[in-house]
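# Per-entry structural report
Chain residues, written in single-letter form:
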Amino acid sequence: MKILSLLGSTGSIGVQTLEVLRGLRGTEHEYRPAVLAAHSNVERLERQVREFRPEAAVLFGKGAAKDLRDRTRDLDLTVLSGMEGLCEAAAWEGADLTLNAVVGMVGLRPTLAALEAGRPVALANKETLVAGGALVMEAARRSGVEILPVDSEHSAIFQCLRGNTRAQARQLLLTASGGPFFGWTRERLASARPEDALAHPNWTMGAKVTIDSATMMNKGLEVIEASWLFAMGPEEIQVVVHRESIVHSMVRYADNGVIAQLGTPDMRLPIQYALTYPDRLPSPAAELDLFALGRLTFYPPDREAFPCLDVAVEALKRGGLAPAAVNGANEEAVVAFLRGEIGFLDIPDLVGQAGARQPDAPADSLEAVLEADRAARAWTAEQVRGRAKRN
Ligand code: NDP
Ligand code: MG
């Protein structure tokens, strides 16, 4: 049996990961989660702990961790908390794999802790690579361990690269659903409300990534993520709007052959592939019915209505700390939008300005990345307060 450390177990990806684990019972890829970690959802984590009986559980919040400890006195369970606990979980002694599905750049230190301990990482937490890509890739190289993408597009590219020569890959074609506001004009977007943005047509996900999909910041973050994972420059990555979310991404090769990975939109497929790689086992994902689909469509992205895409690509081109600043500002702006403090179009505006304010500097230490993130958040929060007052 293989041993897993699962960070973000109570979230959308975390819950689906546990579903996949149930399905893998009795196979050669059966996993036992030795540690489950979350932020503060005590009730859900307690239920998970009672079913999966890990050795340890982590809640980031100290009060929540104390609550969990009190509720699980009848179990032989170690309860940890804070960033220290999260990093200990990430580098869990004896684990074969760490799956990082926390949301936000808070996942950076745990990812580094896992890699530095020589643990392969299945990565859903894209903000980690956006903010600290250089540090993360360097830590993986030094330890000689693999990063297995969980994000569906990156899993698709990872699969499309198998059996081919990486140097002969010419372009990554990163598909995007276009989100709930596909076809909307800027005028119409100005009045988009959180509940409109939370209604994604194809995927049910956590709130942050759902808003990122609506602004297309998600695709921008994914361009940066792909650039790190597959060592491709921004000009070698093309975003393709594909409303049906069936083609999860593609690779164009030197001979103009394009290899694509298709499937029903179901995160349990890329999650399972990361857990069973390089094997493929029966999965809970529904069989793809091409005749029922009939046709698939592709469009160029509307860069004017969704400027976040170019803000992120610009940050990637600048490199250094620019992506960390843009990511930090975005995390802050998304929370403010969800609270109703700013409008939808304030998100690209604030994120773009925060990126432009970040001086050019290398992302060569964790301290530098954390400081760029902190400064961008502080500036964005201040802007939000100013705008909220005016509204
Ligand atoms: P959710 O918001 O559903 O879940 C986030 C998880 O992270 C929860 O378990 C939450 O705990 C935990 N968490 C948040 N902050 C901390 C912290 N400081 N310490 C420990 N745990 C923390 O997000 P998703 O599952 O949707 O997304 C997770 C990541 O995967 C994101 O980076 C997202 O971009 C990426 N992703 C998600 C996809 C999806 O389909 N959902 C698809 C592709 C990528 P708690 O419940 O206690 O708050
Ligand atoms: Mg994705």
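Look a little higher up for the structure.
In this report, we go over the structure that sits alongside the text.

Calculation rules
Residues numbered from 1 in each chain as written. Chains lettered and ligands numbered in written order. Predicted model: local features only at pLDDT ≥ 70, side-chain atom pairs only at ≥ 80, totals over all residues. Heavy atoms only, no water. Helix = DSSP H or I, 4+ residues; strand = E, 2+ residues; numbered from the N terminus. Buried < 20%, exposed > 50% of the residue type's maximum accessible area, 1.4 Å probe, protein only. Contact = heavy atoms within 4.5 Å. Polar contact = N/O pair within 3.5 Å; in protein donor to acceptor, adjacent residues only side chain to side chain. Donors = N, O, S within 2.8 Å, 3.2 Å for Na, K, Ca; no water. Near = heavy atom within 4 Å. Areas by Shrake-Rupley, 256 points an atom, 1.4 Å probe, with all protein chains shown as cover. Core = buried A, V, L, I, M, F, W, Y, C linked by side-chain atoms within 4.5 Å. Pairing = 2+ DSSP bridges. Axes fitted to C-alpha atoms, helices over the stretch in contact; angles between N-to-C directions. Arc of directions from axis to C-beta. Phe/Tyr/Trp six-rings, centres within 6.5 Å; stacked < 30°, edge-to-face > 60°. Salt bridge = Lys/Arg side-chain N within 4 Å of Asp/Glu carboxyl O.

### Re the overall build of the protein chain
Looking only at helices and strands, one finds 17 helices and eleven strands in the protein chain. Judged by the C-alpha coordinates and their principal axes, the protein chain covers about 55 × 55 × 40 Å. For the protein chain, with 391 residues in total, the buried portion stands at 57%. For the protein chain, restricting intrachain contacts to residue pairs at least 6 apart in sequence, the fraction spanning at least 24 positions comes to 69%.

### Considering the side chain of Thr380
Tracing the sequence through the fold places Thr380 in helix α17 (residues 366-390). Note on Thr380: relative accessible area 0%, which makes it buried. A distance of 2.6 Å separates a polar atom in the side chain of Thr380 from the backbone oxygen of Ala376. Residues in contact with Thr380, not counting those within four places in the same chain, are Ala329, Glu332, Ala333, Leu350 and Ala354.

### Side note on the coordination of the magnesium ion (ligand 2)
Coordination of the magnesium ion (ligand 2) by the protein comes from Asp151 (OD), Glu153 (OE) and Glu222 (OE), over a distance range of 2.1 to 2.2 Å. Sequence positions of the residues that donate to the magnesium ion (ligand 2) give the spacing D-x1-E-x68-E. Taken together, the residues Asp151 in the loop between β7 (147-149) and α7 (152-161) and Glu222 in helix α11 (residues 217-230) connect sequence positions 71 residues apart. For Glu222, a relative accessible area of 1% gives the class buried.

### Regarding the site of ligand 1
Looking at ligand 1, there are 25 residues lining it, with Thr10, Ser40, Asn41, Glu127 and Gly206 nearest. Contact between ligand 1 and Thr10: an oxygen atom at 2.6 Å from a side-chain N or O atom of the residue. A distance of 2.7 Å separates an oxygen atom of ligand 1 from a polar side-chain atom of Glu127. Considered on its own, ligand 1 offers 900 Å² of accessible surface; in the complex 88% of this is hidden by protein.

### So, the environment of Glu371
Among the secondary structure elements, Glu371 is positioned in helix α17. Assessed through its relative accessible area of 39%, Glu371 is described here as partly exposed. When the C-alpha positions of Glu371 and Leu321 are compared, they lie 9.4 Å apart, and in sequence the two are 50 residues distant.

### A look at the nonpolar core
Residues Leu99, Phe181, Phe230, Leu275, Phe344 and Val369 are the most contacted members of the largest nonpolar core, which totals 131 residues. With residues up to four places along the chain from it excluded, the contact list for Phe344 reads Phe181, Leu189, Ala192, Ala197, Ala214, Thr215 and Phe337.

### Quick notes on the sheet that holds strand β3 (residues 56-59)
If you walk across this open sheet you meet the seven strands as β4-β3-β2-β1-β5-β6-β7, and the pairing is parallel. Here the strands that pair on one side only, and so sit at the sheet edges, are β4 (78-81) and β7. Each adjacent strand pair in this sheet contributes to an overall mean axis angle of 20°, direction not counted. Pairing between strand β6 (residues 121-123) and β7: three bridges, direction parallel. Looking at the pairing, Leu123 lines up with Pro149 of β7. Its contacts with the sheet put helix α4 (residues 82-90) on β1 (2-7), β2 (31-38), β3, β4 and β5 (97-100), and the angle it makes with β4 is roughly 125°.

### Brief notes about helix α2 (residues 42-52)
By the burial criterion, the buried members of α2 are Val42, Leu45, Glu46, Gln48, Val49 and Phe52. Looking straight down α2, one finds that the buried residues subtend no more than 165° of arc, so they occupy a single side. In this structure, the buried residues of α2 make contact with α1 (12-23), β2, β3 and α3 (62-71). Arg53 sits one or two residues past α2 and shows a positive phi near 45°.

### Considerations on the packing of aromatic side chains
The way to describe two aromatic rings as a pair is by their centre distance and the angle between their planes. The final tally for this structure, using the stated rule, is seven aromatic pairs. Ring plane angle 70° and centroid distance 6.5 Å describe the contact between Phe158 and Tyr273, whose orientation is recorded as edge-to-face. Of this pair, Phe158 sits in helix α7 while Tyr273 sits in helix α12 (residues 268-276), and the two are 115 residues apart along the sequence. Of the two residues, Phe158 and Tyr273, both sit in the buried class. With a centroid separation of 5.3 Å and 50° between ring planes, the pair formed by Phe182 and Tyr299 is classed as tilted. Placement of the pair is Phe182 in the loop between β8 (169-176) and α8 (186-189) and Tyr299 in the loop between α13 (290-293) and α14 (308-318), with a sequence separation of 117 residues. Three or more aromatic residues joined by ring pairs make a cluster, and in this case those are Phe181, Trp184, Phe337 and Phe344.

### Let's talk about the pattern of salt bridges
By the definition in use, this model includes 31 salt bridges. The residue Arg22 makes a salt bridge to Glu51 at a minimum N-O spacing of 2.7 Å. Of the two residues, Arg22 sits in helix α1 while Glu51 sits in helix α2, which places them 29 residues apart along the sequence. Residue classification places Glu51 among the partly exposed positions, given a relative accessible area of 37%. Linked through salt bridges whose partners overlap, the residues forming this network are Glu43, Glu46, Arg50, Asp67, Arg71 and Asp74.

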